[in-house]
Amino acid sequence: MGFQRLGGLSYFAGAEKKDERVLVPDLGSLTSIYDRARELFYYLKGGQVDYGEEHSKACGHSQFGRIYEQGHYPEWDEDHPLHFVGHSAGAQVVRVLQQMLADKAFRGYEGTSENWVLSLTSLSGAFNGTTRAYFDGMQPEDGRTMKPVCLLQLLRLGVIVFDWIDISWLKAYYNFGFDHFNMSWKKMGVWGLADCLMGNTGKSIVTHVSCKYTCRDEDWWDNDGALNTISMTHPRLPVEHPSQLVVRDSDCQPLQPGIWYYKIVEGDHILFIINRERAGVQFDMIYDSIFQRCRKHVFRKTPTLPNQAHQ
């Protein structure tokens, strides 16, 4: 069984029966959910990341990215499905990946299906966005543009400059994942940097959370500092998925495909990302229990609907 980290913000877990391997992919931490889903596929299967011609032109970046000479789980298919565990945006990444598998969206892989995903476990998953995005600078009018002066603008400018200076040892230590945007000074020069900073290039810099609602209802008050609790329990868009609150372990025995089982645990979203030691041992215990449950999960051949898995 494998367990992996997505872009420094999320965890992934995968395994076929009796496989105890642990894997930790390093995907873009601030790139779009779409891009990370594509990268995760090629990380597992191998080959050069293909973001798709239409998508790449629309977002202003190269169609092809990193090359994985050897996939970390090349046998991955419907007969060797994977368990996934995603934290925060990682849950969105896996759901988008499962939809891509169902849509057979990877060139040269016509046999993919939603059943390549055996289960999805989400920890503080951003299923339905977060109202925090408005506080950080997202414009409520359209949910896409940012205020001229805000935290998100500072983040955007910082990422652009970081990639532009292109210091190899620094990017080896931490990489935001924007190499396919070709923002290095070697490729765009000073004037290219100016255009990028002014937002004239059409390049897409995306934060790891997105906002879906403008609702200020009291149902959205409870949160973990970054995400609203109501957004984490189960997907509600475009239609609400079946769900069940888990109080005792017996409440979800046996697990049924297509139902999101959720449990409320006290914790701080940001502390867990920035400083795991301060988050405490409770998160280690949570992961251990998830991993053990995945290891005990019986291999199934019953198909599930796209984007619906276990939480």
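Since this is a predicted model, take the numbers as computed values, not measurements. (Residues numbered from 1 in each chain as written. Predicted model: local features only at pLDDT ≥ 70, side-chain atom pairs only at ≥ 80, totals over all residues. Heavy atoms only, no water.)

Let's shift gears to the overall build of the protein. Looking only at helices and strands, one finds 11 helices and 8 strands in the protein. Within the span of the protein, comprising 311 residues, buried residues form 49% of the whole. Taking all contacts inside the protein whose residues are at least 6 apart in sequence as the whole, residues at least 24 apart take part in 61%. For the protein, the accessible area works out to roughly 15,900 Å², and carbon and sulfur atoms hold 56% of it. (Helix = DSSP H or I, 4+ residues; strand = E, 2+ residues; numbered from the N terminus. Buried < 20%, exposed > 50% of the residue type's maximum accessible area, 1.4 Å probe, protein only. Contact = heavy atoms within 4.5 Å. Areas by Shrake-Rupley, 256 points an atom, 1.4 Å probe, with all protein chains shown as cover.)

Inspection of every chain in the model, using the stated rule, returns 8 salt bridges. Close ionic contact of Asp50 with Arg107 constitutes a salt bridge, the shortest N to O distance being 3.2 Å. A residue pair is termed long-range when its members are at least 10 positions apart, and Asp50 in strand 3 (residues 47-50) and Arg107 in the loop between helix 3 (89-102) and strand 6 (117-123) qualify at 57 residues. Residue Asp50 is classed as buried on the basis of its relative accessible area, which comes to 6%. With relative accessibility at 58%, the residue Arg107 sits in the exposed group. The salt bridge involving Glu240 is made with Arg236; its shortest N-O contact spans 3.3 Å. Connected through salt bridges with shared partners, the residues Asp163, Asp166, Lys171, Asp179 and Lys186 form a single ionic network. (Salt bridge = Lys/Arg side-chain N within 4 Å of Asp/Glu carboxyl O.)

For helix 1 (residues 33-45), spanning 13 residues, the distance from its first C-alpha to its last is 19 Å, which sits close to the expected 18 Å at 1.5 Å a residue. With respect to burial, helix 1 is a largely interior element, 12 of its 13 residues being buried. For helix 1, every residue scored as buried is listed here: Ile33, Asp35, Arg36, Ala37, Arg38, Glu39, Leu40, Phe41, Tyr42, Tyr43, Leu44 and Lys45. After helix 1 finishes, the residue Gly46 shows a positive phi value of roughly 95°. (Expected span 1.5 Å × (residues − 1).)

The subject of this paragraph is the confidence of the model for the protein. In the predicted model, the protein carries a mean pLDDT of 82, and 80% of its residues have values of at least 70. Throughout residues 1-11 the model reports pLDDT below 50, and contacts reaching past four residues in sequence, or to other chains, amount to 68 contacts. (pLDDT = per-residue confidence, 0-100.)

Right, let's get into the packing of aromatic side chains. Using the criterion set out here, one finds 13 aromatic pairs in the structure. Note on Phe41 and Trp76: the rings are 5.9 Å apart at their centroids and 50° apart in plane angle, and the pair reads as tilted. Highlighted residues: Phe41 in helix 1 and Trp76 in the loop between strand 4 (64-68) and strand 5 (82-87), separated in sequence by 35 residues. Taken individually, Phe41 and Trp76 each receive the classification buried, so the pair is uniform in this respect. Ring centres of Tyr42 and Phe106 lie 5.9 Å apart, and the angle between their planes is 75°; on these two criteria the pair is classed as edge-to-face. With a gap of 64 residues between them, Tyr42 in helix 1 and Phe106 in the loop between helix 3 and strand 6 connect regions that are remote in the sequence. An identical accessibility class is assigned to Tyr42 and Phe106; each is buried. (Phe/Tyr/Trp six-rings, centres within 6.5 Å; stacked < 30°, edge-to-face > 60°.)

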